[in-house]
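# Fold and geometry: a report
Listed below, chain by chain, are the residues.
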Amino acid sequence: MNRRRLLLTGSGAAMGIGLVPSPAAAARTRPAMPGAVTVTPDDARYTDLISGLNQRWVAAPDRIVLPTTTRQVVELVQDAVDRELRISVRGGGHCFEDFVFNSEVDVVINMSRMNAVSFDEIRQAFAVEGGATLLHVYESLYEGWGVTIPGGACYSVGVGGHVSGGGYGMLSRAHGLTVDHLDAVEVVVVDASGKARSVVAGRDPGDPNHDLFWAHTGAGGGNFGVITKYWFRTPGSTGRDPGALLPRPPAEVFVTMASWPWEDVSKEGFIGLLEFYGSWLERHKDVSSPYKDMCVWLMPNHQSAGDIALIAQMDATVPDASRLLTDFLDQLNQALGVSDTPRVPERTNGTYRSKYATTQRLPWLRATRYVGTVSPTQTDPNMRAKHKSAYHRRSFTRRQIETIYEHLTRSPQKARIAGLVMPSTGGRIAEVDPTATAVAQRDSIMKVTYETYWYDESDDAANIAWVRGVYADVYADTGGVPVPGERTDGCYVNYPDSDLGDARFNQSSVPWHDLYFKANYRRLQDVKRRWDPDNVFRHRQSVQA
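Residues numbered from 1 in each chain as written. Predicted model: local features only at pLDDT ≥ 70, side-chain atom pairs only at ≥ 80, totals over all residues. Heavy atoms only, no water.

Phi is positive for Glu 84, close to 60°, though the residue is something other than glycine. Assignment of secondary structure puts Glu 84 in the loop between helix 1 (70–83) and strand 5 (87–90). Accessibility expressed as a relative area gives 17% for Glu 84, which makes it buried. One non-glycine residue with positive phi stands out, namely Gln 124, at about 55°. (Helix = DSSP H or I, 4+ residues; strand = E, 2+ residues; numbered from the N terminus. Buried < 20%, exposed > 50% of the residue type's maximum accessible area, 1.4 Å probe, protein only.)

Where helix 6 (residues 267–283) meets helix 7 (residues 321–336), the axes come as close as 7 Å, and the angle between the chain directions of the two elements is 145°. For the pair helix 6 and helix 7, contact is made by Gly 269, Phe 270, Gly 272, Leu 273, Phe 276, Trp 280 and Arg 283 and by Phe 328, Gln 331, Leu 332, Ala 335 and Leu 336, respectively. Counted by class, the contact of helix 6 with helix 7 contains 8 nonpolar, 3 polar and 1 charged residues. (Axes fitted to C-alpha atoms, helices over the stretch in contact; angles between N-to-C directions. Contact = heavy atoms within 4.5 Å. Nonpolar A, V, L, I, M, F, W, Y, C, P; charged D, E, K, R; others polar.)

Let us look at empty space enclosed by the protein. Scanning all chains against the criterion turns up 6 cavities of 30 Å³ or more. Space inside the largest cavity adds up to approximately 120 Å³. Every residue lining the largest cavity is counted, 14 residues in all, and those nearest its centre are Tyr 138, Gly 151, Gly 152, Met 170 and Thr 368. Residue composition of the lining of the largest cavity, grouped by class: 9 nonpolar, 5 polar and no charged. (1 Å grid on protein atoms, 1.4 Å probe; cavity = no way out; pocket = protein on both sides within 12 Å on 5 of 7 lines; lining within 4 Å. Points joined across faces, edges and corners; volume = space filled by probe spheres on them.)

With that settled, consider the sheet that holds strand 7 (residues 117–120). Strand order across the open sheet formed by 5 strands is 7-8-11-9-10, with antiparallel pairing between neighbours. For this open sheet the edge positions go to strand 7 and strand 10 (196–202), each flanked by a neighbour on one side alone. Averaged over all pairs of adjacent strands, the angle between strand axes in this sheet comes to 25°, irrespective of strand direction. Two elements, strand 7 and strand 8 (residues 125–129), share 4 bridges in a ladder whose sense is antiparallel. Looking across to strand 8, one finds that Ser 118 is bridged to Ala 127. The strands that helix 1 touches are strand 9 (182–190), strand 10 and strand 11 (226–232); relative to strand 9, the one it contacts most, it runs at about 35°. The strands touched by helix 2 (residues 134–145) are strand 7 and strand 8; relative to strand 7, the strand with the most contacts, the crossing angle is about 50°. (Pairing = 2+ DSSP bridges.)

Once that is clear, we can look at the sheet that holds strand 3 (residues 37–39). The strand order 3-4-6-5 describes an open sheet built from 4 strands, whose pairing is mixed. With one partner strand each, in any of the chains shown, strand 3 and strand 5 form the two edges of the open sheet. For this sheet the average axis-to-axis angle between neighbouring strands, irrespective of direction, equals 20°. Sheet topology note: the strand 5/strand 6 (residues 107–110) ladder contains 4 bridges and is parallel. Bridge pairing in strand 6 links Val 89 to Ile 109.

On to the pattern of salt bridges, then. Under the counting rule described, the total for this entry stands at 37 salt bridges. The salt bridge partner of Arg 233 is Asp 183, with a shortest N-O separation of 3.3 Å. Placement of Arg 233 in the loop between strand 11 and strand 12 (252–261) and of Asp 183 in strand 9 is noted, with a sequence separation of 50 residues between them. Comparing Arg 233 with Asp 183 shows no difference in burial state: the two are buried. Ionic pairing is found between Asp 293 and Lys 292, a salt bridge with its closest N-O pair at 3.3 Å. Overlapping salt bridges bring together Glu 97, Lys 386, Lys 388, Arg 468, Asp 497 and Asp 499 as one network. (Salt bridge = Lys/Arg side-chain N within 4 Å of Asp/Glu carboxyl O.)

Right, here's the structure in full:
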């Protein structure tokens with residue numbers, strides 16, 4: 001009998017595919033399960049629902065279905081298994097590869113209507129449905145209870161993939177990763193008999209389903225089932241006051257946006273900037289650093305973009321915050337060899353502008369909305385993109401920095417923007433044992449992204465080649481990928497890169513799954529054998545038993 005694959009995925013991480021028998025044509029015309037909204041190709045909404053943020057990936061499914069309950073998800077998955085249909089599941093739509101949207105998908109389950117955020121009195125934890133997006137979660141938690149989770153900056157990323165892949169963000173140096181506050185997860189799984197059901201797996205090691213919970217603390221969504229709900233509560237928190245069960249963000253933060261035009265940057269200045277940034281991160285990687293409450297994103301853009309950029313956010317309420325931030329900005333300028341007089345405002349909603357930097361003092365939620373929406377790469381729905389990633393335990397070497405400079409200053413790219421993004425990590429992230437969650441990379445100082453965004457399909461080859469080229473040259477000493485070792489520590493599963501499984505681009509002896517998961521992959525395989533024995537949920541970079 002012919003077999004087809006069943007794909008279940010979620011936004012922001014590598015998701016899953018499985019094999020099921022091919023359906024008869026008549027079976028494929030059956031109506032969707034009752035209770036869920038169904039959109040077919042003759043519906044005006046159809047073209048809005050067959051792609052995500054990356055316009056390289058577009059599907060042509062028979063239908064898109066939007067459930068509102070876990071029971072509906074169980075029914076939809078069961079229906080797909082019974083009728084031998086390939087399905088995909090969309091959360092926020094930010095998956096960087098084609099694991100959600102591709103030409104083989106028959107049914108897309110769109111989770112966007114399952115987006116409720118509430119406090120569960122029984123579990124004494126905050127319940128967040130799998131289709132919620134980050135800004136919605138932040139607004140709901142903060143406006144309702146004064147708390148938050150330390151998730152990503154991009155406002156429209158879906159929690160389904162973001163959290164399960166070990167999501168991080170502007171508050172992670174101070175509070176750790178999202179999964180460090182995860183208390184339980186609800187997953188729709190399929191057993192060996194082909195029966196779909198929902199399972200709740202908790203953080204307590206005594207929970208009989210604890211292994212399934214652990215797998216959702218960094219392996220990415222869709223490897224084992226469809227995530228329909230998360231519960232969050234910080235380990236060790238006590239009492240019945242919801243406002244004491246998750247981190248409280250700072251009342252106010254400084255947000256600095258810096259921009260150094262390439263015409264003001266020499267090669268020596270560029271090298272000095274990256275050497276300083278790496279050494280600064282090494283010195284301040286521990287939670288004892290006075291900068292543990294500051295997150296920095298350095299963005300060396302391609303010369304055609306016009307500038308090198310930086311975003312820094314710091315808790316404005318910590319002692320000496322103004323001096324700490326201005327000292328850091330001064331040192332950046334000194335490393336670059338340029339002159340500036342950065343300062344920070346002392347009043348709420350104040351702004352200070354210097355030649356290269358603008359610093360605002362904002363209430364936390366307003367700053368979160370601002371940082372999450374200010375960049376066109378986070379808000380423009382018309383772009384195509386390619387990404388690669390690398391955890392760094394140490395700063396770039398001089399050779400690597402010179403290589404980056406060479407690639408950033410070559411002839412202009414046919415891109416909206418291309419370059420690197422170098423967010424700071426460390427702090428509370430590093431305080432968790434690498435085996436306590438599925439996130440194995442705990443002691444890195446930065447999580448580097450190599451990326452390019454463009455508009456026209458005719459520019460695909462040139463842009464993909466540029467990203468592949470700079471990445472291969474930077475990590476040439478380790479086979480073209482950031483092999484776990486003294487200086488680098490593999491790749492981030494929420495920035496999936498299919499090239500890691502291709503011998504043309506990964507010439508190391510380290511397979512793609514060890515770049516993502518290191519030694520934790522063996523335990524993930526055990527979870528796979530238990531919870532998905534027939535490998536229903538899989539794709540080209542999913543956990544394989």
